[in-house]
Amino acid sequence: MQEKMKFREALQKVQELALQNNHQITEEEATACLKEFELSKEQEQLVYSYLEAQHIRVEGFAGTGVNPFESPQEEDKDPLELLSEEDKSFLEEYRQMTGETLPGTERQRLASGYLKKTVEKEALIQAYMPVSMDLALSYAGKGIPVADLIQEGSVGLLMALDTLELREDTISEDEYIQEGIKGSIEAFLEEEEGLKDSDDRILEKINYIAEAIRNLSEELERKVSLEELSAYLEMPKEEVAEILKLTGEEIETEEPAEKSGDAVGYADISDFQVF
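Residues numbered from 1 in each chain as written. Predicted model: local features only at pLDDT ≥ 70, side-chain atom pairs only at ≥ 80, totals over all residues. Heavy atoms only, no water.

Regarding the overall build of the protein chain
Helix and strand counts for the protein chain stand at 10 helices and two strands. When the helices and strands of the protein chain are placed in sequence order, the string is α-β-α-α-β-α-α-α-α-α-α-α. Of all 275 residues assigned to the protein chain, the portion counted as buried reaches 35%. Element-wise, carbon and sulfur atoms account for 49% of the exposed surface of the protein chain, whose accessible area totals about 16600 Å². (Helix = DSSP H or I, 4+ residues; strand = E, 2+ residues; numbered from the N terminus. Buried < 20%, exposed > 50% of the residue type's maximum accessible area, 1.4 Å probe, protein only. Areas by Shrake-Rupley, 256 points an atom, 1.4 Å probe, with all protein chains shown as cover.)

Observations regarding the nonpolar core
Leu124, Tyr128, Leu149 and Ile177 are the most contacted members of the largest nonpolar core, which totals 31 residues. Elements supplying a minimum of two residues to this core: α4 (85-98), α5 (104-115), α6 (121-137), α7 (146-162) and α8 (173-220). With nine residues, the top contributor of residues to this core is α6. With sequence-adjacent residues up to four places away left out, Ile177 is seen in contact with Ala111, Leu124, Tyr128, Leu157, Ala160, Leu161 and Leu164. Ile209, Leu216, Leu226 and Ile243 belong to the second largest nonpolar core, which has 15 residues in total. (Core = buried A, V, L, I, M, F, W, Y, C linked by side-chain atoms within 4.5 Å. Contact = heavy atoms within 4.5 Å.)

So, unusual backbone geometry
One non-glycine residue, Lys117, lies in positive phi territory at about 70°. The residue Glu221 is not glycine, and still its phi comes out positive at about 60°. Among the secondary structure elements, Glu221 is positioned in the loop between α8 and α9 (226-233).

Here we look at the packing of α4 against α6
It is at 9 Å that the axes of α4 and α6 come closest, and there the two elements cross at 155°. In terms of axis orientation, α4 runs roughly antiparallel to α6. Where α4 crosses over α6, the two elements pack in a sense that is left-handed. Where α4 abuts α6, its residues Leu91, Tyr94, Arg95, Met97 and Thr98 lie against Gln126, Met129, Pro130, Met133 and Leu137. Class assignment for the residues of the contact of α4 with α6 results in seven nonpolar, two polar and one charged. (Axes fitted to C-alpha atoms, helices over the stretch in contact; angles between N-to-C directions. Parallel < 35°, antiparallel > 145°, perpendicular 65-115°, else oblique. Left-handed = near helix turned anticlockwise from the far one by under 90°. Nonpolar A, V, L, I, M, F, W, Y, C, P; charged D, E, K, R; others polar.)

Some details on helix α10 (residues 237-245)
Residues of α10 that are buried: Val240, Ala241, Ile243 and Leu244. Down the axis of α10, the smallest arc covering the buried residues is 165°, so these residues share one side. For α10, the exposed residues lying more than 90 degrees away from the buried face are Glu238 and Lys245. (Arc of directions from axis to C-beta.)

A look at the packing of α9 against α10
The geometry of α9 relative to α10 is characterised by a closest axis approach of 9 Å and an angle of 110° between their N-to-C directions. Between α9 and α10, the angle is such that the two are roughly perpendicular. Contact residues: α9 offers Leu226, Glu227, Leu229, Ser230 and Leu233, while α10 offers Lys237, Val240, Ala241 and Leu244. Class assignment for the residues of the contact of α9 with α10 results in six nonpolar, one polar and two charged.

Some points on α6
Under the 1.5 Å per step criterion, the end-to-end length of α6 is 24 Å for 17 residues, consistent within 8% with the ideal 24 Å. Largest kink in α6: about 30°, centred on Tyr128, with the proline Pro130 one to four residues after it. Within the span of α6, buried status applies to Leu124, Ala127, Tyr128, Met129, Pro130, Val131, Ser132, Met133, Leu135, Ala136 and Leu137. (Expected span 1.5 Å × (residues − 1). Bend = angle between axes of the 7 residues up to and from the residue.)

Regarding the confidence of the model for the protein chain
Of all residues in the protein chain, 75% have pLDDT values of 70 or greater, and the mean over the chain is 75. Low pLDDT, under 50, characterises residues 64-75; the stretch is placed with 18 contacts to residues that sit more than four places away or in other chains. Counting interchain partners and residues more than four positions distant, the pLDDT-below-50 stretch residues 253-275 has 56 contacts. (pLDDT = per-residue confidence, 0-100.)

So, in structure tokens, the structure goes:
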């Protein structure tokens, strides 16, 4: 148990070092922090993969080949190549409905006319729907259906039109509307990323506790109680109990048996991978 605690502390030191360096650490630095544990090459690779899952870039580690800090879309790659067949089908239908993207000068003329009350709002919306689609495509490859990106772009379009009169003189009407579309899409992506990070953290805790249950029950050769598990993990009992509820696992406290559920058993870690 003491060895595992020391390893967790060393891994925490690696993460803290990476955070001080803009979420980056070299493979050599990480290896040096964990040197005393004499990890095998395979174990080192698992540690580096774990760090990358925490959005920490390990320089020198090939990993999955995906940089979590950069857009998965390559500059010289057609955005359509990043889409699923379902997305491509949706785009084809959407393009037929909205038509081709108008030149910027024509969009600017319509936007100026809208402010002068000579162009109807519906006409301006129709003119910018293809723009919303084009901008949504520039964010393709982030794991979000393109239909959702276009929808968020449409929300940004409507908000931009409703506030068009408030724009600064240093920006044109067309630029203001496009920025409104992009801003809405980017805000949506940030929110989705926040939800994903939250789910990842919960999954990490579930699997971490599941492995602790397995290790501790094998070490004690019996089922373990909530109190024992809490002490082993150095986590509050309440937090452990809340996470275990997500797995449907019943736990035992130090109260009399008739007042409590079953103890935590010899669970296999795969039983807890619920996401």
